[in-house]
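Spelled out from the first residue to the last, the chains are:
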Amino acid sequence: MLAIPEPPIAAGSVGLRILQPGLNRAILRALSRSEMSVGALCGHLMLESDTTLREQLGHLELAGTVEPEGEATKARGAYRLTTAGADLLEVMALIGVWLTGRPRRPLSPESEVAWHAVTALGDGWELSLIHHLLLRPRTKAELLAAIPVLGAGKAKRILRRLRGAGLVTALDGAGRAPRFALTAWARRAIAILAITARWEGRHLNGTAEPVSASHGAVALLATLPLIRVPDSASGTCAFTVEGDPGAGPPRACAVWAAFDGGRVVACRSGTSAASPDAWVRGGVEAWLRAVIDAHPTALHLAGDVGLAERALDALHAELFGSPPGPH
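Reading the values: the criteria
- Residues numbered from 1 in each chain as written.
- Predicted model: local features only at pLDDT ≥ 70, side-chain atom pairs only at ≥ 80, totals over all residues.
- Heavy atoms only, no water.
- Pairing = 2+ DSSP bridges.
- Helix = DSSP H or I, 4+ residues; strand = E, 2+ residues; numbered from the N terminus.
- Axes fitted to C-alpha atoms, helices over the stretch in contact; angles between N-to-C directions.
- Phe/Tyr/Trp six-rings, centres within 6.5 Å; stacked < 30°, edge-to-face > 60°.
- Lys NZ or Arg CZ within 6 Å of the ring centre and 35° of its normal.
- Salt bridge = Lys/Arg side-chain N within 4 Å of Asp/Glu carboxyl O.
- Buried < 20%, exposed > 50% of the residue type's maximum accessible area, 1.4 Å probe, protein only.

### Looking at the sheet that holds strand β11 (residues 300-303)
The strands making up a sheet are joined through hydrogen bonds of the backbone, oriented either antiparallel or parallel. Ordered in space as β9-β8-β7-β10-β11, the five strands form an open sheet in which the pairing is mixed. Only two strands of the sheet have a single neighbouring strand rather than two, namely β9 (263-269) and β11. Ignoring strand direction, the axes of neighbouring strands in this sheet form an average angle of 15 degrees. By the bridge criterion, eight bridges tie strand β7 (residues 235-242) to strand β8 (residues 252-260) in an arrangement that is antiparallel. Paired with G235 across the two strands is F259, which belongs to β8.

### Observations concerning unusual backbone geometry
One non-glycine residue, M46, lies in the positive phi region at around 60 degrees. Secondary-structure assignment places M46 in the loop between α3 (38-44) and α4 (51-62). Of note in the backbone geometry, S128 takes a positive phi value of approximately 65 degrees without being a glycine. In this structure, S128 sits in the loop between α6 (112-126) and α7 (129-135).

### Thoughts on the packing of aromatic side chains
Under the criterion given, the structure shown has two aromatic pairs. On the numbers, 3.9 Å between centres and 5 degrees between planes, the contact of W98 with W185 is stacked. Within this pair, whereas W98 is found in helix α5 (residues 83-100), its partner W185 is found in helix α10 (residues 184-188), the two being separated by 87 residues in sequence. Seen from the ring of W115, R25 lies directly overhead, with NZ or CZ sitting 3.9 Å from the centre. Over the ring of W185 we find R102; its NZ or CZ atom is 5.7 Å from the centre of that ring.

### Examining the pattern of salt bridges
For the coordinates displayed, the defined rule picks out 12 salt bridges. Residues R29 and E110 are paired through a salt bridge, measuring 4.0 Å at the closest nitrogen-oxygen approach. With a gap of 81 residues between them, R29 in helix α2 (residues 22-33) and E110 in the loop between α5 and α6 connect regions that are remote in the sequence. For R29, a relative accessible area of 24% puts it in the partly exposed group. In the salt-bridge network here, residues are joined through shared partners; they are E67, E69 and R80.

Okay, here's the thing in structure tokens:
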């Protein structure tokens, strides 16, 4: 059974919190075009007062995403985007793609309603509610038993938000309490959590929670059922994520998936009953490079390497929208 960390789950959540205020997103976009003084920013953003603007600039500076230009005082000097800020804009761009891809009701990345969905995603991730729903659909009572810190009132509110956002659906209970399950769109949001967690690891100097082995396994459980490999590909592939030394237990988590005619017909945590045809193993950073950047060279592949490579290619294409080049 997959070991799910106790809440709060922090990996990936800090970056999302930075982006939640609309003013922060507007500041980052404006500074991506050119350096600006506080006064120029205030005019560009059509703000009546610069008080809140200065406060948010201070928060963004603490996060390392903006910095004052030169030796001038912050009151008069220009602000510019840092490398961390530019990389966070890439996270914003991926979130925008995800929002506009919402089935039946695409969401504009410019609207605050759309960012309510992003906030709901982050809250569900932090509370580990998404983790538990990935293992199997659950009733509210089952979620409360698995996550005692939720409480009945909080569980009701967050499930309502997740359903409204299109992240969770209620399965008919045939007279019983409904079971809640993640939507395919929610599973694709793993791309956002992965790239945000990597941003934190690169730019927050170890102050954010590192990605754990169990986080990596949860991400695989979420996304493997979505992928397609060539129809000729069949067999079972085992995937193991090894945690970094600072991430805490468990040191490694395993997931396996069975492919038949190009489709995933089974996907579970732990080890499969039958011996796998292919194996993929590696640390968190190696997995992030393989899935986000389509560079799987740091992962160890064994057995039916062709099946393993096709699975990795399909994960990248499903989450980040472009098939990789030759290995």
